[in-house]
Amino acid sequence: MVRITDDGIFDAPIEKIWKYIGDDRPGIHQHRAIPATKVLETKGNVVVQEMQLVNADGKGTHWETWRLTLNPPTGYHVEAIAGPTKGTKFSQKYTPMGDKTRVDVEGDWHVPGVDDASIKKMTLAFFAEAFNEDNAALKKYK
């Protein structure tokens, strides 16, 4: 397990972020590294979804199943329950700052057969890309 923390500031108020997160219209909340998702189960604030993820080396994809516990407006918790990162757990927390929102990510990543430095590098790169995609999408989101 590798402990990873990261943070950023979205150029959007927290209410807009939660509206965007929950918008299931095609093409709204997309990431290059996540070409497909399928909701397997929803119970209350817990969503279990299967996700196709682009491999860190950019060659091919793999499937994982994540359990997301949504706690609007403060954030959500993720646990990888199947796939190569099974056992990974992290939380994403939001702090309102007027027209901006701070996001803090913290958790433990598990990727068997991969050294700690590589896990940290690929996880931070994934978060940076997703953050930049979301921040750009939020600027256009209505």
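For the structure itself, consult the block above.
A short tour of the structure in this document, coming up. None of the values given here were measured: they were computed from a predicted structure.

Overview of the pairing of strand S6 (residues 89-97)
Thought 1: Where strand S5 (residues 75-82) lies against S6, five bridges are found, and the strand directions are antiparallel. For His 77, the partnering residue across the bridge sits in S6 and is Ser 91.
Thought 2: Looking at chain direction, S6 and strand S7 (residues 100-109) are connected through nine bridges and run antiparallel. Of the residues in S7, the one forming a bridge with Gln 92 is Val 105.
Thought 3: Between the end of S6 and the start of S7, which pair antiparallel, lie two residues, with Gly 98 showing a positive phi angle near 70 degrees.

Topic: helix H1 (residues 14-22)
Thought 1: Those residues of H1 lying buried are Ile 14, Ile 17, Trp 18 and Tyr 20. Axial view of H1: buried residues confined to an arc of 160 degrees, hence all on one face. Summarising the geometry of H1, the exposed residues directed more than 90 degrees from the buried face are Glu 15, Lys 19 and Gly 22.
Thought 2: In this structure, the buried side of H1 is in contact with strand S1 (2-10), strand S4 (61-71), S5, S6, S7 and helix H2 (116-140).

Remarks on H2
Thought 1: Here H2 contains 25 residues, and its C-alpha end-to-end distance of 37 Å stays within 8% of the 36 Å for a straight helix at 1.5 Å per residue.
Thought 2: Taken as a whole, H2 has its buried residues at Ile 119, Thr 123, Phe 127, Ala 130, Asp 134, Asn 135 and Leu 138.
Thought 3: Buried residues in H2 make contact with S1, H1, S6 and S7.
Thought 4: Sitting at the head of H2, Asp 115 places a side-chain oxygen 3.2 Å from the backbone nitrogen of Ala 117.

A short note on the packing of aromatic side chains
Thought 1: Tallying each qualifying case throughout the model produces nine aromatic pairs.
Thought 2: Ring centres of Tyr 20 and Tyr 141 lie 5.5 Å apart, and the angle between their planes is 75 degrees; this geometry places the pair in the edge-to-face category. Taken together, the residues Tyr 20 in helix H1 and Tyr 141 in the segment after H2 connect sequence positions 121 residues apart. Both residues of the pair, Tyr 20 and Tyr 141, count as buried.

Observations concerning the nonpolar core
Thought 1: With 26 residues, the main nonpolar core has Trp 66, Phe 90, Tyr 94 and Trp 109 as its most contacted residues.
Thought 2: Elements supplying a minimum of two residues to this core: S1, H1, strand S3 (46-54), S4, S5, S6, S7 and H2.
Thought 3: When residues in this core are grouped by element, the largest group, four residues, is from H1.
Thought 4: Excluding its chain neighbours within four sequence positions, the residues that come into contact with Tyr 94 are Phe 10, Ile 14, Ile 17, Trp 18, Ile 21, Pro 73, Thr 74, Gly 75, Tyr 76, Thr 101, Arg 102 and Val 103.

The rules we used
Residues numbered from 1 in each chain as written. Predicted model: local features only at pLDDT ≥ 70, side-chain atom pairs only at ≥ 80, totals over all residues. Heavy atoms only, no water. Pairing = 2+ DSSP bridges. Helix = DSSP H or I, 4+ residues; strand = E, 2+ residues; numbered from the N terminus. Buried < 20%, exposed > 50% of the residue type's maximum accessible area, 1.4 Å probe, protein only. Arc of directions from axis to C-beta. Contact = heavy atoms within 4.5 Å. Expected span 1.5 Å × (residues − 1). Polar contact = N/O pair within 3.5 Å; in protein donor to acceptor, adjacent residues only side chain to side chain. Phe/Tyr/Trp six-rings, centres within 6.5 Å; stacked < 30°, edge-to-face > 60°. Core = buried A, V, L, I, M, F, W, Y, C linked by side-chain atoms within 4.5 Å.

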